[in-house]
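Each chain is listed here by its residues.
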Amino acid sequence: MRGLVYNEAEKPLEGATVEVLPSGNSTVTDANGAFSIAVAPGGQLRVSFVGYKTQVTAITDSIFYKIVLPSGGPEQLETVVVTALGLKRQQRELGYATQEVKGNTLQTVKGVDVATSLTGKVSGLMVKNSAEFAAEPEMTIRGEKPILVIDGIPYANMTLRDVPADDIESINFLKGATAAALYGARGGSGAVMVTTKRGVGKKGLNISLNSSSMFDAGYLAIPEMQSKYGRVVNTATNTYVRSGDGSWGPPLEGQSVIQWDPASKTMKAMPFSPVGKDNFKNFLNQGYILNNNLSITQTGELGGIRASASWLGNRGTYPNSKFDKVTYSVGGDLKLKRFSLSTTMSYNNQSSPNIGFNGYTAYDPMYSMLIWGSPDWDIRQYKDYWVIPNQVQNSSYTAGNNNPYFDRYERLHTYKKDIFSGQLTMNYEFTDWLKLMVRTGYDNYSNKQEVRISQGSFQGGGNSTVITGGTEIWGESQKGSYNIGIGRGFSSNTDAILSANKKIKDFAIDGFWGGSVFYSQDEGMEARTQSGLSVPGYYSLKASVTAASVASLIYKKQINSTYGKLGFGWRNMAFVEGTFRNDWASTLAKATRSYFYPSASASFVASELIPKNDWLSFWKLRGSWAQYKSPAGIYSINRVFSIATNQWGGLSSAANPTSIRPDDIFAEGSTTTELGTNMSFLRNRIVLDVTGYHKRMYDFIVNAPISPSAGFTNVYTNSKEERTRKGVEVTLNATAIKMADFSWNVGLNWSKYATYFTKLDPNYSVMNRDWVKVGKRADYYTIIEYQTDNQGNIVFNNGVPTYKPILSLAGYSDPDWIWGFNTGFSYKEFTLSASLDGRVGGLAQSVTEMYMWVSGNHPNSLTEERYLDATQPGTKNYLGKGVKVVSGAITYDANYNVVSDTRTFAPNDVYTTYKSYVTALHKGTAWGGVPSSVDLYSTTFLKLREVALTWRLPRNWAQKINAKGIAVSAIGQNLIYWAKQFKYSDIDGGTENFTDPSLRYIGLNVKLDF
């Protein structure tokens, strides 16, 4: 049957849920309010939409229905929700927190990743969006990484990046362990349930084209460099130093200095001026994101099929930074009386000629331009980067700093990944209350990466790798190197579930029993040249001067499971259910590999007991409890020798293991308790959902240090330490204004959580630290504090600050709370939507600013004392504010507690150079250690994440090109950024280490439906 769904103003409702009862088959309406769905005579059709009353219609012989939904119903809580194992449930039945995002809200502002558009739209969900090129957003729910489930399959090798926005029908977030308990250990941190589009919707042939183009329109955050000082000049020869040492030289005042001339490629005297004050901005390109999708759907009497092709092209701001993603997918449904079948398949190809090298220890472009470079050379003159092709680069430097263009085109990290996934689900209804489902899913991937370092490069590949978990490259500077890695793997997941749903008078009973087998395998091989390249520009293992190095890895895992659920309902207002699951994990010993975990939940619709009124439309109370277990990692309990090849005279070697790995390791555990309520007011104009949860974590598997006298350095064991995470989540949605031609909707998501120590292990917990105690937070952030006197003045020694010999608590890494605000205005054929989000509190180090200070390139390092140091060589002009020790000493015990302090102080009167003071004040930590307090910043920030202004063209205009609908949108992403302390870098990614400049995007989206 097919039909149309309208509101009372006879406007089509896009995204309304159409469900067949009692089978549970469902679909959603398209942009024109149309739907098509296979039905059996004698059933019922339930149509629901947020803010409107649900309509239930008997299915007759008619093949076309026009359904009008009156406003003001409780559909917020009647909507079908996709829960664990892909089973569809009514919202009112659930005893745990879930939240849904409709796919059509993600298909207008289309960035590189769908996850970016989810930021701020779900309470308890934190999305960290790094500004690094090609970096994938990190999603956590309640502080932990959730499992991703696509069309009921928990694929092991797919991420949300692999699913185009245009292929998504809806995303349901199961926030707690109870909601995702049936997924076992992988679901203990919640689940992200993606339902993709298949062959459902309006009957017949439907074609949709969605094209989005966004271009960068400036920077939200970009580092700035001082332009007053250059590099050190050798006064004996009047030649500037060509090693990368920053900008601690004389002022750039136009004096004649012998420098490298990139045009003649010789040294000659030239004015020493700030010609490169804008080097970094001049080096950058305009970025863009192009995102296009074409889908074709054919729907008939027995089902339908949908095919989709998507292409995404992303150019980053650095030269030669491109990322392309192509996705082909097909999915369909078939209904034959009591038998139904659905399937989806997808192929995804991702590639980049150079994903680059990120961070200080991988020698990011900022390393040579903003940190150890100087503003006395002009990047625009260095596009010709060869002196001798493939051997000698044209650079202002001869060590440390590559020519940035050479670095982007001759020091490459190429990337190519192919992903295939598919699932097949078959259902058979024995009766109207008993059904069998068999489902299998499979995915595989192949990931090829190469790192090519030209001869003449002053840097290798740093800490980059070419396979996941592989060896860090580093490489051999100036000799050249070639590295190749191929990683591949697959996973399969097969379920069989027998379910029953029976109603007896006022009571409803539902349940199921099933089993599953999950298997995953990952393997990789990496190889690299040794001692350089024998032939310049020949990137092959055959070019290795000495024997190439080769290594491989493989990981296999299997989990067999059985699970079930039994639930009861009374008068559609009181519900209680329990679940169980038992796993057998291959990563544990036979004695401990079987483990069991249950869950229980209940919900009560209290509004059913209250007389109908206009102010309280719906009120539900809910509660749940769950336990889950997490086994040891792959091969973690195995004691093995370390093998090294070609050690002595071509012979291999084997070394004894250094860890004790007992065979009685058992799975880590946790229990979660959750309470919540959902209320709607004023005929559902206002909907409030509040959740509080408490998660106790125990039996942690740790690799703890032990005394070397035991013959080992550590032991792999279960710890008795316990931690508890507590949190609160609030979701508020309101229709502030609702008129015939105008409406205004707002939504607010707010959440907070913190993890505390609730029990310490006397053997394996960190001891003798004030911040590691029962009741203290576990996400502590420590620093090395300055030595101070009793009044808090910094203690100086030889004119520079001194540090305490022990770590001190600075604060906590997790934010105090996170928030998101979404709003939408609709007037006739125009819609304006916007979303804002942010985080409050938390700490992170700014590696970029720290090294800008140390190298003399920070814009705030321009002081009078520095000028005197630079213009009067050999003098010391900086006097630090603080005190010095004139007598006495401070002593500590073995745990660095102060035993005695007999120091006496006097004001510091020892002068030093400004460089010495700054390098002592800012502690470089790229190679290990912890920061000083001046380099630790608050991660508080907010962003105007997305804005879209959409005009849906009149239908008669669309019909001129035989289109069913045309919509044009002016769009923007990452439009405004404000941070409490991170001025030069975007802290949206949660950490900062030479983060790429953060881009603002604006553009246009066009949708055509035929």
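Residues numbered from 1 in each chain as written. Predicted model: local features only at pLDDT ≥ 70, side-chain atom pairs only at ≥ 80, totals over all residues. Heavy atoms only, no water.

- By the naming in an unreviewed UniProt entry, the protein chain is Membrane protein, taken from Niabella soli DSM 19437.
- Under the UniProt heading Subcellular location (unreviewed entry), the entry covering the protein chain gives this text: "Cell outer membrane". (UniProt positions renumbered as here; feature names shortened; annotations may be inferred.)

### What to know about the overall build of the protein chain
- On a plain count of helices and strands, the protein chain comes out with eight helices and 58 strands.
- The C-alpha atoms of the protein chain give a radius of gyration of 32 Å, which matches the 30 Å a tight globule of 1010 residues would have.
- Going through the 1010 residues of the protein chain one by one, you find that 54% of them count as buried.
- In the protein chain, 69% of the contacts between residues at least 6 apart in sequence involve partners at least 24 apart.
- Across the protein chain, the mean location of the 100 positive side-chain charges is 3 Å away from that of the 85 negative side-chain charges. (Helix = DSSP H or I, 4+ residues; strand = E, 2+ residues; numbered from the N terminus. Rg over C-alpha atoms; globule rule 2.2 N^0.38 Å. Buried < 20%, exposed > 50% of the residue type's maximum accessible area, 1.4 Å probe, protein only. Contact = heavy atoms within 4.5 Å. Lys, Arg positive; Asp, Glu negative; His and termini not counted. Charge placed at Lys NZ, Arg CZ, Asp CG, Glu CD.)

### Brief notes about the sheet that holds strand β40 (residues 701-705)
- Strands sit in the order β37-β41-β40 across an open sheet of three strands; the sheet is mixed. In this open sheet, the two strands that pair with only one neighbour each are β37 (659-660) and β40.
- Pairing of β37 with strand β41 (residues 714-718), which is carried by two bridges, proceeds in the parallel orientation. If you follow serine 659 over to β41, its bridge partner there is asparagine 714. (Pairing = 2+ DSSP bridges.)

### What to know about the domain arrangement of the protein chain
- The domains assigned to the protein chain are domain 1 (2-72) and domain 2 (228-273 + 364-401).
- Just the C-alpha atoms count here: the centres of domain 1 and domain 2 sit 70 Å apart. (Domains from an automatic or database assignment.)

### Let's talk about the UniProt feature "domain: TonB-dependent receptor plug" (unreviewed entry) in the protein chain
- The positions UniProt marks with the feature "domain: TonB-dependent receptor plug" (unreviewed entry) are residues 91-190.
- Helix makes up 5% of residues 91-190 and strand makes up 24%, while its end C-alpha atoms are separated by 17 Å.

### Observations concerning the pairing of strand β42 (residues 722-738)
- Of the strand pairs in this sheet, strand β39 (residues 686-698) and β42 are connected by 12 bridges, and their pairing is antiparallel. Looking at the pairing, valine 687 lines up with asparagine 733 of β42.
- Note: β42 against strand β43 (residues 742-759), 16 bridges, orientation antiparallel. By the bridge assignment for β43, threonine 735 is matched with asparagine 745.
- Between β42 and β43, which pair antiparallel and follow one another directly, the connecting turn spans three residues.

### Some points on the pairing of strand β32 (residues 574-585)
- With 12 bridges connecting them, strand β31 (residues 544-570) and β32 associate as antiparallel partners. In the strand pairing of β32, asparagine 560 is matched with tryptophan 584.
- Between β31 and the antiparallel strand that follows it, β32, lie three residues; arginine 571 among them carries a positive phi value of about 55°.

### Here we look at the packing of aromatic side chains
- Following the criterion strictly, the structure yields 38 aromatic pairs and no others.
- Note on tyrosine 595 and tyrosine 597: the rings are 5.8 Å apart at their centroids and 20° apart in plane angle, and the pair reads as stacked.
- On the basis of relative accessible area, tyrosine 595 is assigned to the buried category, the value being 5%.
- Linked through ring pairs, Tyr360, Tyr363, Tyr367, Trp372, Trp474, Tyr851, Trp927 and Phe994 together constitute an aromatic cluster.
- The ring of tyrosine 803 carries the charged tip of lysine 923 above its face, separated from the ring centre by 4.6 Å. (Phe/Tyr/Trp six-rings, centres within 6.5 Å; stacked < 30°, edge-to-face > 60°. Lys NZ or Arg CZ within 6 Å of the ring centre and 35° of its normal.)

### Remarks on the nonpolar core
- In this structure, Phe280, Phe283, Ile371, Trp372, Tyr851 and Phe994 are the most contacted members of the largest nonpolar core, which totals 34 residues.
- Residue assignment for this core shows that the elements contributing at least two residues are β19 (255-261), α2 (279-283), α3 (365-371), α4 (404-410) and α5 (847-854).
- In this structure isoleucine 371 touches Gly246, Met366, Thr848, Tyr851, Met852, Ser855, Asn857 and Phe994, once residues within four positions along its chain are discounted.
- Leu106, Leu118, Val127 and Ala165 belong to the second-largest nonpolar core, a separate cluster that totals 25 residues. (Core = buried A, V, L, I, M, F, W, Y, C linked by side-chain atoms within 4.5 Å.)

### A short note on a positive patch on the surface
- On the surface, Lys53, Arg683, Arg685 and Lys738 cluster together to form a positively charged patch.
- Residue position: arginine 683 is located in the loop between β38 (668-681) and β39. (Patch = residues over 30% accessible without salt bridge, like charges linked within 9 Å, V, L, I, M, F, W, Y side chains within 5 Å. Areas by Shrake-Rupley, 256 points an atom, 1.4 Å probe, with all protein chains shown as cover. Salt bridge = Lys/Arg side-chain N within 4 Å of Asp/Glu carboxyl O.)

### Comments concerning the side chain of asparagine 403
- As for its position among the elements, asparagine 403 is in the loop between β26 (392-393) and α4.
- Apart from residues lying up to four places away in sequence, asparagine 403 is in contact with Tyr382, Tyr385, Gln393, Asn394 and Ser395.

### Examining the confidence of the model for the protein chain
- Put simply, the protein chain has an average pLDDT of 92, and 98% of its residues get 70 or more.
- Every residue in residues 73-77 is under pLDDT 50, and counting partners more than four places away or in other chains gives 21 contacts. (pLDDT = per-residue confidence, 0-100.)

### A word on a nonpolar patch on the surface
- The grouping of Tyr328, Met345, Tyr347, Phe420 and Tyr442 at the surface amounts to a nonpolar patch, some 470 Å² of accessible area in total.
- Among the secondary structure elements, tyrosine 328 is positioned in strand β23 (residues 322-336).

### Here we look at the sheet that holds strand β54 (residues 904-907)
- Across the sheet, four strands lie side by side as β46-β45-β51-β54; this open sheet has mixed pairing. Each having just a single partner strand, β46 (800-801) and β54 make up the two edges of the open sheet.
- The pairing of strand β45 (residues 795-797) with β46 spans two bridges and is antiparallel. Within the sheet, the bridge partner assigned to asparagine 797 lies in β46 and is valine 800.

### Regarding the environment of threonine 939
- By the secondary structure assignment, threonine 939 is in the loop between β55 (936-938) and β56 (941-952).
- In this structure the C-alpha to C-alpha distance between threonine 939 and methionine 345, which are 594 residues apart in sequence, comes to 41 Å.
- Here glycine 841 takes part through its backbone oxygen, which lies 2.6 Å from a polar atom of the side chain of threonine 939. (Polar contact = N/O pair within 3.5 Å; in protein donor to acceptor, adjacent residues only side chain to side chain.)

### Focus on the environment of proline 319
- Note that proline 319 resides in the loop between β22 (303-315) and β23.
- A C-alpha to C-alpha distance of 7.6 Å links proline 319 and phenylalanine 283, two positions 36 residues apart in sequence.
- Leaving out residues up to four positions away in the same chain, proline 319 has contacts with Phe283, Asn285, Tyr405, Arg408 and Tyr409.

### Notes on unusual backbone geometry
- Phi at asparagine 798 is positive, roughly 55°, even though this residue is not glycine.
- With respect to the helices and strands, asparagine 798 occurs in the loop between β45 and β46.
- Unusually for a residue other than glycine, asparagine 974 sits at a positive phi of about 55°.
- Take asparagine 974: it is sitting in strand β57 (residues 965-979).

### Things to note about the pattern of salt bridges
- Using the criterion set out here, one finds 43 salt bridges in the structure.
- Ionic pairing is found between arginine 571 and aspartate 506, a salt bridge with its closest N-O pair at 3.2 Å. Here arginine 571, found in the loop between β31 and β32, pairs with aspartate 506, found in the loop between β29 (481-504) and β30 (507-533); they are 65 residues apart in sequence, far enough to count as distant.
- According to the relative accessible area criterion, aspartate 506 is partly exposed, its value standing at 36%.
- Overlapping salt bridges bring together Asp837, Arg839, Lys943, Arg945, Asp986 and Asp988 as one network.

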